[in-house]
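Remarks on the overall topology
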Amino acid sequence: MRKLLVTGGAGFIGSNFVHHVLSHTDDHVTVLDKLTYAGNRASLDGLPEDRLRFVQGDIADAELVDGLFAESDAVVHYAAESHNDNSLNDPRPFLDTNIVGTYTLLEAARRHGIRFHHISTDEVYGDLELDDPARFSETTPYNPSSPYSSTKAGSDLLVRAWVRSFGVRATISNCSNNYGPYQHVEKFIPRQITNVIRGIRPKLYGAGENVRDWIHADDHSSAVLTILDRGEIGETYLIGADGEKDNKSVVELILELMGEPRDAYDHVTDRAGHDMRYAIDSTKLRRELGWEPRFRDFESGLAAAIDWYRTNEAWWAPSKDGVEAFYASKGQ
Ligand code: NAD
Ligand code: DAU
């Protein structure tokens, strides 16, 4: 039985990974999560208490982190400030958590010689033109656009340096946009679904031509577990499921699946520095580690997510008004 420490395990993707690990392995999981506005203890409800421990705390708290690393066999690091729009409003927490927090974990990994997997994003590569035949691969140069993505890029580079200079046994994965249950209502898909539930018109930034490469969070989790088990130390793996869609099509599909006219949305102020297109080539992960995504039908995955938000209003309702007030103050 492996003892896993999962940082950010009360967030959207981290909690999905905890559910995945507890149902697919015999591992014991300790979650370290600060429970910022984005963390929710309820996302871990119903899991076996004898194999799950929850510790509320900050990844930048070196003493706390050191004690938890001493008790763990491996660490999977999800904790981050994750939302681009927030990073444009107030970058400071992004530096504190994504840079200093990751540095604090790496120093503990170095002291304890512990296996470390770092979760990152395709946004470190910047963006692609709509008509560019290229997709991001492990050799694409870093070119981040936002305070969020630049702090994630910085954290990736710290991991690489700690591997090379100090022999830390780390891997990195960079994944595309996730969707699924338990995603905070500030993010694009949950915001529009919960808008429709509340009778508010969905909000599309700019013309809505921007493309994101959607992957179900369950597929992200199975990929991370594969890399943790079989990935080569020092290597980076891109995770994606060939799910490119423009934002306008996604909003129209949400409206259609929810029984509303496909054009019942508003165009609002665009995001500053808005990346145009992300696209992932995950050949390395598929060829070298044999991973494949399970969710190949975006429409049915989206329909299931809509059902989840309809039946779990108590989970998201406390955040909804504050999020909409924030966006309204920005003309979004
Ligand atoms: P999220 O915002 O839903 O969750 C982040 C979690 O981290 C929350 O539970 C929060 O309380 C916790 N946290 C924040 N600061 C902390 C700190 N200082 N100490 C301890 N815990 C802290 O984010 P998410 O969407 O689940 O993303 C998780 C990770 O995956 C991030 O590293 C993000 O960059 C990466 N990622 C996300 C996506 C996506 O589409 N959401 C895609 C690729 C990569
Ligand atoms: O690519 C991976 C990244 O995906 C992760 O690293 C980030 O943590 C995650 O938040 C996500 O970043 P995006 O900025 O792509 O996701 P977001 O949900 O904020 O927006 C998706 C797209 O939808 C983007 O083009 C902006 C647009 N958008 C967003 C909102 C909230 C709208 O058109 N309307 C909206 O109301």
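**Quick notes on the overall build of the protein**
The number of helices and strands found in the protein is 11 helices and 13 strands. Radius of gyration (C-alpha) of the protein: 19 Å, near the 20 Å computed for a compact globule of 332 residues. Across the 332 residues that make up the protein, the buried fraction comes to 56%. Sequence-distant contacts in the protein: of pairs separated by 6 or more residues, those separated by 24 or more amount to 80%.

**Things to note about the site of ligand 2**
Residues in contact with ligand 2 amount to 25 residues; listed here are only the nearest, T121, D122, Y148, R271 and H274. One of the side-chain nitrogen or oxygen atoms of N84 is found 2.9 Å away from an oxygen atom of ligand 2. If ligand 2 stood free it would expose 690 Å²; the protein chains cover 95% of that surface. Within the residue set of the shell around ligand 2, elements represented by two or more residues are α6 (188-198) and β8 (203-205). By residue class, the composition of the shell around ligand 2 is seven nonpolar, 10 polar and eight charged.

**A closer look at the packing of aromatic side chains**
For the coordinates displayed, the defined rule picks out 14 aromatic pairs. Centre to centre, the rings of F188 and W214 are 6.4 Å apart; their planes meet at 25 degrees, and the pair counts as stacked. On the criterion of sequence distance, the pair formed by F188 in helix α6 and W214 in the loop between β9 (211-213) and β10 (215-216) is long-range, its members being 26 residues apart. Note on W308 and Y309: the rings are 4.9 Å apart at their centroids and 85 degrees apart in plane angle, and the pair reads as edge-to-face. Summarising the burial analysis for this pair, W308 and Y309 share the class buried. By the ring-pair criterion, three or more aromatic residues cluster together here, those being Y125, F136, Y142 and Y278. Positioned above the aromatic ring of Y237, the side-chain terminus of K284 is 4.8 Å from the ring centre.

**Focus on the nonpolar core**
Most often, soluble globular proteins keep nonpolar side chains buried together rather than apart. Of all hydrophobic cores here, the largest spans 31 residues; its most connected members are F17, V18, V29 and I239. Within the residue set of this core, elements represented by two or more residues are β1 (3-7), α1 (12-24), β2 (28-33), β4 (74-77), α7 (217-230), β11 (236-239) and α9 (283-289). By size, the runner-up hydrophobic cluster in this structure holds 26 residues, among which are Y205, A264, L302 and Y327.

**Things to note about the site of ligand 1**
Taken together, 28 residues are adjacent to ligand 1, and I13, D33, S82, Y148 and K152 come closest. Between ligand 1 and the protein, one listed contact pairs a nitrogen atom with a side-chain N or O atom of T97 at 3.0 Å. Starting from 830 Å² of accessible surface for ligand 1 in isolation, the protein chains cover 97%. Sort the elements by how many residues they give to the shell around ligand 1 and strand β5 (residues 115-121) lands first, with three residues. In terms of residue class, the shell around ligand 1 is built from 12 nonpolar, 12 polar and four charged.

**Re the layout of surface pockets**
The volume enclosed by the largest pocket comes to roughly 150 Å³. The wall of the largest pocket is formed by N16, H19, H20, H24, Y182, D218, D219, S222, E292 and R294. Elements with a minimum of two residues in the lining of the largest pocket: α1 and α7. Per element, the largest residue contribution to the lining of the largest pocket is four residues, and it comes from α1. Looking at side-chain class alone, the lining of the largest pocket contains one nonpolar, five polar and four charged residues.

What counts as what
- Residues numbered from 1 in each chain as written.
- Chains lettered and ligands numbered in written order.
- Predicted model: local features only at pLDDT ≥ 70, side-chain atom pairs only at ≥ 80, totals over all residues.
- Heavy atoms only, no water.
- Helix = DSSP H or I, 4+ residues; strand = E, 2+ residues; numbered from the N terminus.
- Rg over C-alpha atoms; globule rule 2.2 N^0.38 Å.
- Buried < 20%, exposed > 50% of the residue type's maximum accessible area, 1.4 Å probe, protein only.
- Contact = heavy atoms within 4.5 Å.
- Near = heavy atom within 4 Å.
- Polar contact = N/O pair within 3.5 Å; in protein donor to acceptor, adjacent residues only side chain to side chain.
- Areas by Shrake-Rupley, 256 points an atom, 1.4 Å probe, with all protein chains shown as cover.
- Nonpolar A, V, L, I, M, F, W, Y, C, P; charged D, E, K, R; others polar.
- Phe/Tyr/Trp six-rings, centres within 6.5 Å; stacked < 30°, edge-to-face > 60°.
- Lys NZ or Arg CZ within 6 Å of the ring centre and 35° of its normal.
- Core = buried A, V, L, I, M, F, W, Y, C linked by side-chain atoms within 4.5 Å.
- 1 Å grid on protein atoms, 1.4 Å probe; cavity = no way out; pocket = protein on both sides within 12 Å on 5 of 7 lines; lining within 4 Å.
- Points joined across faces, edges and corners; volume = space filled by probe spheres on them.

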